Amino acid sequence: MSGPARRRLGFCGGPYANPYALAAFVADARARGCDELFCLGDLGGFGADINALWPILTAGGVECLAGNYDVAVARADPDCGCGYRDPTDNSFAQLIYDHTLATCDREFAAWMGSLPTERRLRVAGCDVHLVHGSPLALNDFWWESRPDEEHAARVEASGADVICCTHSGLPWQKRVDGTLVVNVGVLGKPANDGTTAVWYAVVDIADGEAEATLVALDYDWAAQAASMRAAGLPEAFVETIETGWWTTCIEVLPPAERAAGRYQLYRSTLPAFAPAGGSWGAPSEPDRTSERPVVPLFATSYFPARLWVYTNFHCNLACDYCAVGSSPKARRRALTPERFAALVDEAVAEGFGELYVTGGEPFLHPDIIDLLLYAAERLPTVVLTNAMLLGGRRAGGLGRLAATGQLVVQTSLDGSRADVHDAHRGRGSWARAVAGIGQAAAAGLDVRVALTETPENRHDIAAMAELVASLGVPPEGFAVRPLLQRGLSGEGIDIGPASTVPEITVTTDGYHWHPAGADTDTSPDMIVAPPDRRLAEVKRLITERFFAARLADGSLPQPYRCAI
């Protein structure tokens with residue numbers, strides 16, 4: 001192709017048997033002054049009526065490539081050759097492929113089989129390469145998040161000034177080594193972005209220079225959804241059309257793209273593990289009776305809907321195995337009441353189900369009663385304390401906290417006798433902690449007790465259970481947790497972002513993967529984001545990290561819950 005020194009071209013991908021979006025593309029692109037229109041393949045694959053596309057393509061003068069779907073339908077292959085590796089992805093792909101193959105007019109299928117799988121154009125001084133997946137393969141998923149060297153390899157394989165592709169379903173553009181690469185998106189379903197719009201691209205070329213515009217296209221999505229229901233397609237497919245969120249074929253998404261969507265896991269992949277030692281902090285599990293096959297990562301056992309907030313780091317004790325290095329000499333870091341309230345409000349807005357307030361020793365914070373009142377009036381709240389500072393001026397606030405009905409006091413006792421407990425936490429701490437448990441209970445607060453298991457107290461656990469019961473703590477309110485090799489401790493189990501499930505934790509220094517690694521001085525590997533980020537962004541970053549670790553070696557993290 002040659003011609004005028006200035007051309008405007010419209011490119012769509014993946015109509016996926018969505019005639020309503022295809023017709024809207026033709027009308028919109030012509031209204032924007034596009035000289036020529038191109039479809040980069042995959043005519044079937046999601047909607048109900050593939051045959052309705054042919055007259056629109058013909059009347060609209062849309063030049064087409066064949067995608068992997070079109071090649072498969074033309075040959076009546078047993079599957080679509082989409083390139084999925086996950087069995088659940090493949091089962092959904094097979095379901096819609098079987099429908100498409102059974103309903104597609106064979107004359108239309110033969111026409112698809114006659115289409116080229118790539119094209120090279122010379123437009124206004126630019127070499128333009130049209131492909132379906134990438135220059136490497138027809139069904140190659142060219143994701144925006146691919147490493148730079150992988151982008152470069154695809155550009156090098158083409159050598160064009162402009163490359164237009166589709167297949168992955170998500171639109172993006174970037175320049176790679178001087179080449180403009182445009183993934184034009186698809187018309188057949190939304191881009192997993194929570195809107196009903198679909199996407200296409202307009203490319204302007206003038207005097208050897210090209211620029212692209214990604215266009216969000218509104219169309220009659222309700223009619224498309226109705227046609228899919230009438231054909232008996234699964235509700236999971238229809239829901240994507242109606243909501244903009246992908247509910248099928250999600251395992252193919254890389255970590256960055258998966259984290260950007262609403263759903264990241266198939267329901268069938270949820271773990272069987274439960275919190276050790278009882279029901280404390282049990283994660284909010286999704287409704288397993290739902291027909292939707294997918295769930296968000298957040299609010300599952302893999303990523304509990306629990307927010308931890310360190311009000312401060314200084315402490316009246318210097319426990320020799322403190323996982324975050326708290327002590328009377330610790331670097332002073334305390335949240336302001338304004339910052340704390342903002343975090344609580346964000347937690348409510350972002351769907352967190354519980355708030356855990358910890359430190360240091362939270363009752364050293366001068367505003368702790370007001371902070372806990374603000375939290376407990378909005379979310380079920382647990383405060384982790386050594387229980388030694390509940391008397392004096394703070395005692396009057398305990399009743400106010402109990403009146404909320406949503407505050408629990410969690411404390412630590414590491415032995416049934418003072419000598420066992422005090423060996424690690426300091427002389428006199430056992431007696432004062434036991435007294436504090438009594439003060440909290442007398443004020444009407446529910447109390448939980450955790451024991452950190454060490455070689456010195458392992459024999460004492462049964463006696464501890466008896467002591468805790470005598471203090472009025474029910475059996476489900478007592479748990480044993482293992483010693484961690486973090487902070488001041490040189491012994492215990494080692495956990496990290498790749499090996500344990502995330503529990504978002506906030507300090508003055510920022511956001512951390514887990515409360516047992518919330519000290520930037522001793523656990524820099526646990527930092528996730530600086531303090532100026534929003535919780536919504538941190539949830540996305542953690543989701544991306546989770547899948548990056550999972551996809552690297554196929555492993556799944558295990559829970560270590562400070563709120564066992």
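In this text, all values refer to a predicted model and were calculated from it rather than measured experimentally.

Some remarks on the state of the cysteines
Working step 1: Counted under the stated rule, the structure contains one disulfide.
Working step 2: Residue Cys34 stays outside any disulfide, its sulfur separated by 11 Å from that of Cys12, the closest cysteine.
Working step 3: Left unpaired, Cys104 is separated from the closest cysteine sulfur, that of Cys64, by 13 Å.

Side note on the sheet that holds strand 6 (residues 162-165)
Working step 1: If you walk across this open sheet you meet the five strands as 4-5-6-8-7, and the pairing is mixed. Both edges of this open sheet fall to strand 4 (118-123) and strand 7 (172-176), since each of them pairs with a single strand only. Going from strand to strand, the sheet's axes swing by 15 degrees on average, the running direction of each strand aside.
Working step 2: Packed on one face of the sheet, helix 6 (residues 148-158) meets strand 4, strand 5 (126-131), strand 6, strand 7 and strand 8 (179-183) and runs near 75 degrees to strand 7.

Things to note about the pattern of salt bridges
Working step 1: Taken as a whole, this structure holds 32 salt bridges when the rule is applied.
Working step 2: Measuring nitrogen to oxygen at the nearest pair gives 3.0 Å for the salt bridge that ties Glu36 to Arg7. Here the residue Glu36 occupies a position in strand 2 (residues 36-39), and Arg7 occupies one in strand 1 (residues 6-12), the gap between them amounting to 29 residues. For the pair formed by Glu36 and Arg7, the shared burial category is buried.
Working step 3: Among the salt bridges present, the one from Arg32 reaches Asp28, with a minimum N-O distance of 2.7 Å.
Working step 4: Residue Asp28 is classed as partly exposed on the basis of its relative accessible area of 22%.

Comments concerning the sheet that holds strand 3 (residues 62-64)
Working step 1: With mixed pairing, the five strands of this open sheet are ordered in space as 3-2-1-9-10. What marks the edges here is a single partner per strand, and that holds for strand 3 and strand 10 (209-217). The average undirected angle you get between the axes of adjacent strands in this sheet is 25 degrees.
Working step 2: The pairing of strand 9 (residues 198-206) with strand 10 spans nine bridges and is antiparallel. Note on strand 10: the bridge partner recorded for Tyr200 is Val215.
Working step 3: Those strands touched by helix 1 (residues 19-31) are strand 1, strand 2, strand 3, strand 9 and strand 10, and its axis lies near 150 degrees from that of strand 2.

Rules used throughout
Residues numbered from 1 in each chain as written. Predicted model: local features only at pLDDT ≥ 70, side-chain atom pairs only at ≥ 80, totals over all residues. Heavy atoms only, no water. Disulfide = S-S within 2.5 Å. Pairing = 2+ DSSP bridges. Helix = DSSP H or I, 4+ residues; strand = E, 2+ residues; numbered from the N terminus. Axes fitted to C-alpha atoms, helices over the stretch in contact; angles between N-to-C directions. Contact = heavy atoms within 4.5 Å. Salt bridge = Lys/Arg side-chain N within 4 Å of Asp/Glu carboxyl O. Buried < 20%, exposed > 50% of the residue type's maximum accessible area, 1.4 Å probe, protein only.

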